[in-house]
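If you want the building blocks of each chain, they are given just below.
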Amino acid sequence: MVALMALAGLVCGHRIRTLADSYDRVPEPAWPPKVELVTAAVAALVAWRIGLPYVPFAVIGVALAVIDWRTTTLPDAITLPAYPITALAILPTGELPRALAGGAALAALYGLLWFIRPDAMGLGDVKLAGLIGMAAAALGWQAWVVAAFCGQLLGALYGLALLATGRGTRRTQFPFGPFMLLGAFTVLCLDG
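Note that the structure is predicted; figures quoted are calculated from it, not measured.

### Things to note about the overall build of the protein chain
(1) Moving on: The helix and strand inventory of the protein chain stands at eight helices and zero strands.
(2) Moving on: Element order for the protein chain, N to C, with α for helix and β for strand: α-α-α-α-α-α-α-α.
(3) Moving on: When its C-alpha atoms are laid out on the principal axes, the protein chain stretches across 45 × 40 × 30 Å.
(4) Moving on: Looking at the 192 residues of the protein chain, the share that counts as buried comes to 47%.
(5) Moving on: Relative to all contacts within the protein chain whose residues are 6 or more apart in sequence, the contacts with residues 24 or more apart total 71%.

Now the structure itself:
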């Protein structure tokens, strides 16, 4: 099953590259196949550690991370349909009510952060937080708390690294979605 998910990840990774190119308009070279290999690895790891219901979230998450990293945009055309897709995938686990509550709670928390400092975070991050909250809460409230914290921590560490290396200032903007998703994937895969 894990090998099948890795193969599906390779195929999806190629589509993700094409999709990201359509948002970026500066095509990334086809070789080495970084996006395909990352998608395959994430899909296989998530399938192995926590099961098939979380693979759609993982693949969508890779797509959003790649697009956000390249364009600093989390497109609604991907984020919004990811909600019902993730909900349908989680449904067989019996944890959908908690997942929906977790999604609403994390979106509200990020919405508050956005309201306080709209220049520091985009609405795309708020929408992504709801998706991450759904996936993490389906595994339990402890996973939800750690996923919410882990994304913030990873983003802060990256910001500090930019400052320490002189590649950024306190006002330097960078895409936050990839760090949110990396934190979520870490929690999901360690929880399994």
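Picking up after the structure, the text goes on.
### Some words on the layout of surface pockets
(1) Moving on: Approximately 860 Å³ is the volume found for the largest pocket.
(2) Moving on: Listed by contribution, the elements that provide at least two residues to the lining of the largest pocket are helix 6 (123–137) and helix 7 (141–165).
(3) Moving on: For the lining of the largest pocket, the leading source of residues is helix 7, giving seven residues.
(4) Moving on: Its boundaries defined by the atoms lining it, the second largest pocket holds a volume of some 410 Å³.
(5) Moving on: At the level of secondary structure, the elements contributing two or more residues to the lining of the second largest pocket comprise helix 2 (34–49), helix 3 (55–71) and helix 8 (177–191).
(6) Moving on: Of the residues assigned to the lining of the second largest pocket, the class counts are twelve nonpolar, no polar and three charged.

### Details of unusual backbone geometry
(1) Moving on: The phi dihedral of Thr72 is positive, around 55°, even though this residue is not glycine.
(2) Moving on: Take Thr72: it is sitting in the loop between helix 3 and helix 4 (76–90).
(3) Moving on: Of the residues examined, Thr72 reaches a relative accessible area of 55% and is grouped as exposed.

### Examining the nonpolar core
(1) Moving on: Grouped together as the largest cluster of nonpolar side chains are 54 residues, with contacts concentrated most on Val46, Phe57, Leu64, Tyr110, Leu128, Ile132 and Leu181.
(2) Moving on: Where this core is concerned, the elements lending two or more residues are helix 1 (2–24), helix 2, helix 3, helix 4, helix 5 (96–116), helix 6, helix 7 and helix 8.
(3) Moving on: It is helix 3 that contributes the most residues to this core, eleven residues altogether.
(4) Moving on: Contacts of Val46, omitting those with residues within four sequence positions, involve Gly51, Tyr54, Val55, Ala58 and Cys189.

### Considering the packing of helix 6 against helix 7
(1) Moving on: Orientation of helix 6 relative to helix 7, taken along the N-to-C sense of each, is 145°, at an axis distance of 7 Å. Of the two elements, helix 6 crosses helix 7, and the hand of that crossing is right-handed. Judged by residue contacts, Ile132, Gly133, Ala136 and Ala137 of helix 6 engage Trp141, Ala143, Trp144 and Ala147 from helix 7.
(2) Moving on: Partitioned by chemical class, the residues of the contact of helix 6 with helix 7 number seven nonpolar, one polar and no charged.

### Quick word on the packing of aromatic side chains
(1) Moving on: Applying the stated criterion across every chain yields a total of seven aromatic pairs.
(2) Moving on: The interplanar angle of 70° and the centroid separation of 5.8 Å between the aromatic rings of Phe57 and Phe185 together place this pair among those described as edge-to-face. Here the residue Phe57 occupies a position in helix 3, and Phe185 occupies one in helix 8, the gap between them amounting to 128 residues.
(3) Moving on: Assessed through its relative accessible area of 12%, Phe185 is described here as buried.
(4) Moving on: Each ring, one from Tyr158 and one from Phe174, has its centre 5.0 Å from the other, and the planes form 70°; the classification is edge-to-face. Here Phe174 lies in the loop between helix 7 and helix 8 and Tyr158 lies in helix 7, a separation of 16 residues in the sequence.
(5) Moving on: Residue Tyr158 is classed as partly exposed on the basis of its relative accessible area of 21%.
(6) Moving on: Among the aromatic side chains, those forming a connected cluster through ring pairs are Trp69, Tyr158, Phe174 and Phe179.

What counts and what doesn't
Residues numbered from 1 in each chain as written. Predicted model: local features only at pLDDT ≥ 70, side-chain atom pairs only at ≥ 80, totals over all residues. Heavy atoms only, no water. Helix = DSSP H or I, 4+ residues; strand = E, 2+ residues; numbered from the N terminus. Buried < 20%, exposed > 50% of the residue type's maximum accessible area, 1.4 Å probe, protein only. Contact = heavy atoms within 4.5 Å. 1 Å grid on protein atoms, 1.4 Å probe; cavity = no way out; pocket = protein on both sides within 12 Å on 5 of 7 lines; lining within 4 Å. Points joined across faces, edges and corners; volume = space filled by probe spheres on them. Nonpolar A, V, L, I, M, F, W, Y, C, P; charged D, E, K, R; others polar. Core = buried A, V, L, I, M, F, W, Y, C linked by side-chain atoms within 4.5 Å. Axes fitted to C-alpha atoms, helices over the stretch in contact; angles between N-to-C directions. Left-handed = near helix turned anticlockwise from the far one by under 90°. Phe/Tyr/Trp six-rings, centres within 6.5 Å; stacked < 30°, edge-to-face > 60°.

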